[in-house]
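# An overview of the molecular structure
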Amino acid sequence: MTVGAQIMTEPIATADTSRTVADIAIVGGGLAGSLAAAVLARAGHRIALIDKRAVYPDEFRVEKIGGHQLAMLRKLGFLDALGTVACRYDQVLNIREGKVVDVSVGQAYGFPYADLVAMARSQLPDPSSLIVDEVTAISCSDDVQHLELASGRRVTARLVVLATGMAGAPAYKLGIKRRVLAERHSVSFGFTIARQDARPFDFEALTCYGERTADGIDYLSLFPVRAGMRANLFMFRDPTDPIMRELRREPEATLLRLLPGLQPYLGDFRVTDRVQNWVMDLTVVEGHLQPGIVLIGDAFQTNCPAAGTGVARLLVDVDRLCTEYAPRWLKSAGMGQEKISQFYSDRDKIAADQQSLKMARFRQALTSRSDIGWDVRRRLHFLRRSLAHRVDQMHPGWLGRVRGALRA
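Report follows, based on the coordinates. Nothing here was measured: the structure is a model prediction, and the numbers come from that model. (Residues numbered from 1 in each chain as written. Predicted model: local features only at pLDDT ≥ 70, side-chain atom pairs only at ≥ 80, totals over all residues. Heavy atoms only, no water.)

Right, let's talk about the overall build of the protein chain for a bit. Helix and strand content of the protein chain: 13 helices and 16 strands. A compact globule built from 408 residues would reach a C-alpha radius of gyration of about 22 Å, and the protein chain, at 23 Å, matches this within 12%. Principal axes of the C-alpha set define a box for the protein chain whose edges measure 65 × 50 × 40 Å. Residues counted as buried form 51% of the 408 residues belonging to the protein chain. Here the protein chain displays about 18600 Å² of accessible surface, and carbon together with sulfur accounts for 51% of that area. (Helix = DSSP H or I, 4+ residues; strand = E, 2+ residues; numbered from the N terminus. Rg over C-alpha atoms; globule rule 2.2 N^0.38 Å. Buried < 20%, exposed > 50% of the residue type's maximum accessible area, 1.4 Å probe, protein only. Areas by Shrake-Rupley, 256 points an atom, 1.4 Å probe, with all protein chains shown as cover.)

Next comes the structure, spelled out in structure tokens:
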């Protein structure tokens, strides 16, 4: 059952039925916008979250969260709610060429993206904060921002947050444009699998790394969701290559042909739902420093899904904007560029943005570069992991103690 599906569309503060007044208007009700709206609303700010969909559709986006991302969700107050829509797992078996590389241990969650968005929206203190409509125009100034909606309704707010992902129409109308850093940087596939005999798999979660640079496969990630075992396949390959069509039409056979070392771990399996795929460009916006408006998440910079940095970046944006800058900005008059620039100049935000691009380029090179330098680096990368795993098996906890001592 989808969380938070009962949504009202009554205005927050109105002079008439066609005008809404808020402190902050958030355009885009995906994960970034919904989380930002919940954080700000719970802090007592008047929020208008505007999205054309009352219930977010089942799209192939973020489907797992773990590591530092969970610490960020805990800080923002969403971790308990995450457990109501997601499947927890604590161990990932990592393999390459049919052999165990190591085992990752740590709390993580798998989920459908639509359920994650619904969870975030369910944390809004007032469901009427969500306005189901479409923004057609935004007028910004140093003081008050005005939004026109497709229904004829108008929204007035001191600050506008664009959380529209890669749907850039509102930003484009403001003269904000995207600069492409890497066109068709990566291709991602998502689908669900099950064993033919309906028995559970012999692993809690599994990551299988690509075996040949020519295949352009970074890794296949298998993890539990409520519908079964979810598969995310990340590739650096031309999206027009015939292999993309084969993965959609014959996913089982094509997957085993590309990753033959998977067979002993999966046995006789089948894909149980539609194979979805996504082609990602690496982009960053320009012309975004304007009074009264700020961009977060993919609306500001896109990420490589294989690098796994998208949610981390998004959460840093939400945390810094919604717990630090926006509350401070609202305490004084004006919403000029000098205020907005503080967010874009934030050290944590800049570091997260730069790390995301760095990891995107690293994952592509580690996967696809065939020159001797990267071949040696790739071999050493997996050798170090394998050796560390063997040491940890013989002396449990020893490596962790050594690393802790070195950091001290």
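As a further point, take the pairing of strand β11 (residues 206-209). Residues L206 and C208 point to one face of β11 and T207 and Y209 to the other, with burial holding for every one of them. As judged from the four bridges shared by β11 and strand β12 (residues 217-225), these two strands associate in the antiparallel manner. Directly across from L206, in β12, lies its bridge partner L222. (Pairing = 2+ DSSP bridges.)

Here helix α1 (residues 31-42) spans 16 Å end to end across twelve residues, near enough to the 16 Å set by a 1.5 Å rise per residue. Taking burial as the measure, the twelve residues of α1 include eleven buried ones, the bulk of the element. L31, A32, G33, S34, L35, A36, A37, A38, V39, L40 and A41 are the residues of α1 that are buried. Taken together, the buried residues of α1 touch β1 (19-27), β2 (47-51), α2 (68-76), α4 (113-122) and α9 (310-330). With its phi angle positive at about 100 degrees, G44 sits one or two positions after the end of α1. (Expected span 1.5 Å × (residues − 1). Contact = heavy atoms within 4.5 Å.)

Let us look at the pattern of salt bridges. With the rule as written, the count across this model stands at 28 salt bridges. With its nearest N and O atoms 2.9 Å apart, the salt bridge here joins K75 to D319. One end of the pair, K75, is in helix α2; the other, D319, is in helix α9, and 244 residues separate them in sequence. Its relative accessible area of 55% is what places K75 among the exposed residues. A relative accessible area of 5% places D319 in the buried class. Between R313 and D353 there is a salt bridge, and its shortest N-O distance comes to 2.6 Å. Taken together, the residues R313 in helix α9 and D353 in helix α11 (residues 347-368) connect sequence positions 40 residues apart. Like D353, R313 is buried. Through salt bridges with shared partners, a single network forms among D51, R53, E59, R61 and R121. (Salt bridge = Lys/Arg side-chain N within 4 Å of Asp/Glu carboxyl O.)

This paragraph deals with unusual backbone geometry. Here R184, not a glycine, exhibits a phi torsion of approximately 50 degrees, which is positive. Mapping R184 onto the fold places it in strand β10 (residues 177-195).

Following the criterion strictly, the structure yields eleven aromatic pairs and no others. When the centroid spacing of 6.4 Å and the interplanar angle of 75 degrees are considered together, the rings of Y325 and F343 count as edge-to-face. In this pair, Y325 is assigned in helix α9 and F343 in helix α10 (residues 337-344), connecting sequence segments 18 residues apart. Here Y325 falls in the buried class, since its relative accessible area comes to 8%. The rings of F300, Y325, W329, F343 and Y344 are connected pair by pair, giving a single aromatic cluster. Here the basic side chain of R61 rests over the ring of W278, its NZ or CZ set 3.6 Å away from the ring centre. Taking the ring centre of F300 as reference, the NZ or CZ of K349 above it sits at 3.9 Å. (Phe/Tyr/Trp six-rings, centres within 6.5 Å; stacked < 30°, edge-to-face > 60°. Lys NZ or Arg CZ within 6 Å of the ring centre and 35° of its normal.)

Residues that lie three or four places apart on an α-helix share one face, since the helix turns once every 3.6 residues. Listing the buried residues of helix α7 (residues 251-258) in full gives P251, T254, L255, L256 and L258. Buried residues in α7 make contact with β10, β12, β13 (228-235), α6 (242-249), α8 (263-266) and β14 (269-271).

Once that is clear, we can look at the environment of D317. With respect to the helices, strands and loops of the structure, D317 is situated in helix α9. On a C-alpha basis, the gap between D317 and A36 in space is 8.9 Å, while along the polypeptide they are 281 residues apart. Beyond its immediate sequence surroundings of up to four residues, D317 is in contact with I296, G297, C322, F343 and K349. Within the structure, D317 has its side chain in polar contact with the side chain of K349 (distance 3.1 Å). (Polar contact = N/O pair within 3.5 Å; in protein donor to acceptor, adjacent residues only side chain to side chain.)

For soluble globular proteins, the rule of thumb is that nonpolar side chains tend to be buried together. Core analysis: the biggest nonpolar cluster contains 78 residues, and I26 and L82 have the highest contact counts within it. With eleven residues, the top contributor of residues to this core is α9. Setting aside chain neighbours within four positions, we find I26 in contact with G33, A36, A37, L40, I47, A48, L49, I50, V161 and A163. The next biggest cluster of nonpolar side chains, apart from the first, holds 29 residues, and it includes F189, M244, L256 and L259. (Core = buried A, V, L, I, M, F, W, Y, C linked by side-chain atoms within 4.5 Å.)

Look at α9 against α11: their axes get within 9 Å of each other, and the N-to-C directions meet at 170 degrees. As the angle between them shows, α9 and α11 are arranged roughly antiparallel. Each of R313, V316, D317 and R320 in α9 lies in contact with α11, whose residues at this interface are D348, K349, A352, D353 and S356. Residues that form the contact of α9 with α11 fall into these classes: two nonpolar, one polar and six charged. (Axes fitted to C-alpha atoms, helices over the stretch in contact; angles between N-to-C directions. Parallel < 35°, antiparallel > 145°, perpendicular 65-115°, else oblique. Nonpolar A, V, L, I, M, F, W, Y, C, P; charged D, E, K, R; others polar.)

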